[in-house]
Amino acid sequence: MAKVLVVTSGKGGVGKTTSTAALGAALAQMGEKVVVIDFDVGLRNLDLAMGAERRIVFDLINVVQGVAKLSQALIRDKRLENLWLLPASATRDKDALTDEGVGNIIAELRNSYDWILCDSPAGVERGALLAMRYADEAVIVTNPEVSSVRDSDRIIRMLDSKTVKAERGEQIEKHMLITRYDSARALRGEMLSIEDILEILATPLLGIIPESQDVLRASNVGSPVTLNNAASAPARAYSDAVRRLMGETVTMTVPVESKGLMNRFFGRRAA
Amino acid sequence: MMNLLRLIGGRTASAPVARERLQILLAHERGLRGRPDLLGVLRAEILAVVSRHIVLDPEKVIVRMDRNKHVSTLEVDIEVPTGVERSLAVAAS
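Now for a quick tour of the structure.

Conventions we followed
- Residues numbered from 1 in each chain as written.
- Chains lettered and ligands numbered in written order.
- Predicted model: local features only at pLDDT ≥ 70, side-chain atom pairs only at ≥ 80, totals over all residues.
- Heavy atoms only, no water.
- Helix = DSSP H or I, 4+ residues; strand = E, 2+ residues; numbered from the N terminus.
- Buried < 20%, exposed > 50% of the residue type's maximum accessible area, 1.4 Å probe, protein only.
- Contact = heavy atoms within 4.5 Å.
- Pairing = 2+ DSSP bridges.
- Axes fitted to C-alpha atoms, helices over the stretch in contact; angles between N-to-C directions.
- Buried area = accessible area lost by both parts, 1.4 Å probe.
- Salt bridge = Lys/Arg side-chain N within 4 Å of Asp/Glu carboxyl O.
- Polar contact = N/O pair within 3.5 Å; in protein donor to acceptor, adjacent residues only side chain to side chain.
- Expected span 1.5 Å × (residues − 1).

What to know about the environment of Val76(B)
Residues and elements named next belong to chain B.
- Residue placement: Val76 occurs in strand S2 (residues 72-78).
- Judged by its relative accessible area of 38%, Val76 falls in the partly exposed class.
- Setting aside its immediate chain neighbours within four residues, Val76 contacts Ile46, Ile62 and Val63.

The following block contains the structure:
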């Protein structure tokens, strides 16, 4: 049965799009049929993270408005044949997205995909609401930083009240994904610890993604980090997270960079 | 261990401050946004019930909610005007 997963955060710039691409690719690498949907109408970015920015003909809004069929707007990944992208519109007004239109698209996608990942726009307004509206599960992306944790708290309450599942009286399954985590700084007491965040937000942990240059490197070349460098620390952390999403029990660790000698010397400047 | 690291670093750890600020802020926001008018509704209904029996100054009815890590408390503070004790005693007899 298809699962609809929203990747959301409230705050911008915490890593929603990076995480959607990485999780989507990791799921596809495990053999699942996956579609990632960009809900950030007007400020689309998931196409860039997936390296598909020059292949867009039709988008989400075209489908909602009946200009194109869903099959015409879906873009198949060039590296993984069971990974697809439904891009957002770069120019349209975000009001062009309707609750009913989104509902129809998700319902249609449920018939042919195992996972539907919805990349939410930042904020707590209509766009974020529509991205989470039909979700069965949610990944809440949080940085170990006060404003991000505060916004996550707000998003969690939206998930528990404004989703179709919540309105039916059911529980939407929520997972915390902590990104840009620096264990050395947390140890020195300069950064909120995992325990602090989990205690404050009282939501189960899906994974800890370490701060890493591999994330920017992957973004630069338009490849999800799990595809670009599967052995890198963030890629391993995303892969573990995906295995947990699929029901496996995986010990929670913070993967660390395995820096070679050359990297130690030149790593900083080379990135 | 933490103190030792702090000595080396020469600065105090700021994470505990972040944690405390968040806890206070979220306790407040959850109260407000969980159900925006919960306290208002409670206050109005309590006022209505008590007013059926005692004449009250609506401004002297205070409903407050506190949320902590372990317990949450709902505090209802109603100031009863003087002279009411007598009428209550009469009503009871």
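Quick look at the sheet that holds strand S4 (residues 83-86) of chain A
Residue and element names in this part refer to chain A.
- Pairing in this open sheet of eight strands is mixed, and the strands run S3-S4-S2-S5-S1-S6-S7-S8 from one edge to the other. Two strands in the sheet have a free side with no partner beyond their single neighbour: strand S3 (75-76) and strand S8 (205-210).
- Pairing of strand S1 (residues 3-8) with strand S5 (residues 115-119), which is carried by five bridges, proceeds in the parallel orientation. Paired with Val7 across the strands is Asp119, a residue of S5.
- The sheet strands contacting helix H7 (residues 146-162) are S1, strand S6 (137-142) and strand S7 (173-181), and the helix crosses S6 at an angle near 170 degrees.
- Strands in contact with helix H13 (residues 233-245) are S1, S5, S6, S7 and S8; relative to S8, the strand with the most contacts, it is inclined by about 170 degrees.

Overview of the interface of chain B and chain A
- Tallying the contact residues gives 19 residues for chain B and 17 residues for chain A.
- Summed over both partners, the interface of chain B with chain A buries about 1,600 Å², with 57% contributed by carbon and sulfur atoms.
- Here chain B is connected to chain A by two salt bridges.
- The residue Glu199(A) makes a salt bridge to Arg19(B) at a minimum N-O spacing of 3.0 Å.
- Connecting chain B to chain A are four residue pairs in polar contact (both at pLDDT 80 or more).
- Secondary structure elements with two or more residues in the side of chain B that touches chain A: helix H1 (2-9) and helix H2 (15-34) of chain B.
- Counting residues per element, the side of chain B that touches chain A draws most heavily on H2(B), which supplies 13 residues.

A look at helix H1 (residues 16-29) of chain A
All names here are of chain A.
- Between its first and last C-alpha atoms H1 spans 20 Å; for 14 residues at 1.5 Å apiece the expected length is 20 Å, and the two agree.
- Across the 14 residues of H1, 11 count as buried, placing the element largely inside the fold.
- Gly31, located one to two residues past H1, shows a positive phi value of around 95 degrees.

That's the geometry; what it means functionally is another story.
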